[in-house]
Amino acid sequence: MAREDKLVKLKIDNVYKEYQGRNGKVVALNGVSLDIAENEFICVVGPSGCGKSTLLNIIAGLLEPTSGAVYLDGKQIEGTGVERGVVFQQYALFPWRTVIKNVMFGLEMKKVPKDKAEEIARKYIKAVGLEGFEHSYPKELSGGMKQRVAIARAYAANPEVLLLDEPFGALDAQTRVQLQTELLNTWEQEKKTCFFITHDVDEAIILAQRVIIMSARPGRIKRIVDIDIPYPRTQETKSDPRFLELKAEIWNEVYQEFLAVRK
Ligand SMILES: Nc1ncnc2c1ncn2[C@@H]1O[C@H](COP(=O)(O)OP(=O)(O)OP(=O)(O)O)[C@@H](O)[C@H]1O
């Protein structure tokens, strides 16, 4: 099916955002428009400060655009909502809750009966390889394990859209690769619309159907690259000639923007 035939899940329509900074006005986003199809996996790359997190926070409803709007299923987003789950780089777990209680949080909010909530939580705890740690507290877990809990929690709440802001940014390279694989497996089994920010071009290509390259501040969409590598993708995909070609292309675009920031 051609993309234009697919249902538009998220419509980002001419979003402009400015902040009142210490030294005056800062234009973070300048006219960003993008249609994201249902169940599409989008990765966003771009130099530091180009407005990636600002855009994600606007989609999450945590920030309001100065002008323009974002629509979910045709309805303008105003504030946060259970149909949008967010995973940040810092795990944002409740320290006083065990792993299973953290994962059950969104289900409790939705008033899912306790037995059912526990069953769902266990399923996702298993999916992220944390069986046996159900009753551990966040302080007893490594960074990678905490991020697994955050992903299990986001999936368990069954949002329609997952917004992930550099979720693996603070992890070591091996854990990062493992979590990419787990996220890919989960997404292939239970598709969701994913909007994933990363600084890592390899990560963007291995995960995404489309990579959005943003320009240096004020952020605009510079280029959209279709990742025409079939799923299932594995870590071996990273040595595929097409992968290497796309990597060189995207890296070069991002590097030019990085240089523009440094000027
Ligand atoms: N609350 C704020 N007040 C003033 N300026 C802000 C505020 N939040 C962000 N900015 C500015 O807006 C621009 C975009 O910030 P944003 O965090 O969205 O970028 P980013 O692309 O996510 O950066 P990074 O890759 O470093 O996380 C930056 O120049 C930043 O300094």
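Conventions we followed
Residues numbered from 1 in each chain as written. Predicted model: local features only at pLDDT ≥ 70, side-chain atom pairs only at ≥ 80, totals over all residues. Heavy atoms only, no water. Near = heavy atom within 4 Å. Polar contact = N/O pair within 3.5 Å; in protein donor to acceptor, adjacent residues only side chain to side chain. Areas by Shrake-Rupley, 256 points an atom, 1.4 Å probe, with all protein chains shown as cover. Helix = DSSP H or I, 4+ residues; strand = E, 2+ residues; numbered from the N terminus. pLDDT = per-residue confidence, 0-100. Buried < 20%, exposed > 50% of the residue type's maximum accessible area, 1.4 Å probe, protein only. Pairing = 2+ DSSP bridges. Axes fitted to C-alpha atoms, helices over the stretch in contact; angles between N-to-C directions. Contact = heavy atoms within 4.5 Å. Parallel < 35°, antiparallel > 145°, perpendicular 65-115°, else oblique. Left-handed = near helix turned anticlockwise from the far one by under 90°. Nonpolar A, V, L, I, M, F, W, Y, C, P; charged D, E, K, R; others polar.

Caption draft 1: Up close: the site of the ligand. Close to the ligand lie 13 residues, the nearest being Ser-48, Gly-49, Lys-52, Ser-53 and Thr-54. The contact in question runs from an oxygen atom of the ligand to an N or O atom on the backbone of Gly-51, over 3.0 Å. Here His-199 contributes a side-chain N or O atom positioned 2.9 Å from an oxygen atom of the ligand. In isolation the ligand offers 640 Å² of accessible surface; the protein chains occlude 64% of this area. Among the elements that make up the shell around the ligand, the one with the highest residue count is helix H1 (residues 52-60) (3 residues).

Caption draft 2: Local environment of the confidence of the model for the protein chain. Of the residues in the protein chain, 97% have a pLDDT of 70 or more, and the chain-wide mean is 92. Among the scores for the predicted complex, ipTM is 0.98 and pTM is 0.92.

Caption draft 3: Here's a closer look at H1. Burial analysis of H1 places 8 of its 9 residues in the buried class, the great majority of the element. Along H1, the residues that are buried comprise Lys-52, Thr-54, Leu-55, Leu-56, Asn-57, Ile-58, Ile-59 and Ala-60. Just downstream of H1 lies Gly-61, where phi reads positive at about 90 degrees.

Caption draft 4: Spatial organisation of the sheet that holds strand E3 (residues 41-45). Ordered in space as E6-E7-E8-E3-E9-E10, the 6 strands form an open sheet in which the pairing is mixed. Two strands bound the open sheet, and with one partner strand each, they are strand E6 (84-87) and strand E10 (221-226). Taken pair by pair, the neighbouring strands of this sheet meet at an average axis angle of 15 degrees, ignoring direction. Two strands pair when backbone bridges link them, and E3 and strand E8 (residues 193-197) are joined in this way by 4 bridges, in the parallel orientation.

Caption draft 5: Just the side chain of Asn-102, in detail. The topology assignment puts Asn-102 in helix H2 (residues 99-109). Among the polar contacts made by the side chain of Asn-102, one reaches the side chain of Arg-153 at a distance of 3.4 Å. Beyond its immediate chain neighbours, meaning those up to four positions away, Asn-102 contacts Leu-93, Phe-94, Arg-97, Pro-138, Val-149 and Arg-153.

Caption draft 6: View of the packing of helix H3 (residues 114-127) against helix H4 (residues 143-156). Axis separation between H3 and H4 bottoms out at 9 Å; the angle between their running directions is 135 degrees. Taken together, the axes of H3 and H4 are oblique relative to one another. Crossing handedness for the pair H3 and H4: right-handed. Across the interface between the two elements, Ile-120, Tyr-124 and Ile-125 of H3 pack against Ala-152, Tyr-155 and Ala-156 of H4. Its residues assigned to classes, the contact of H3 with H4 comprises 6 nonpolar, no polar and no charged.

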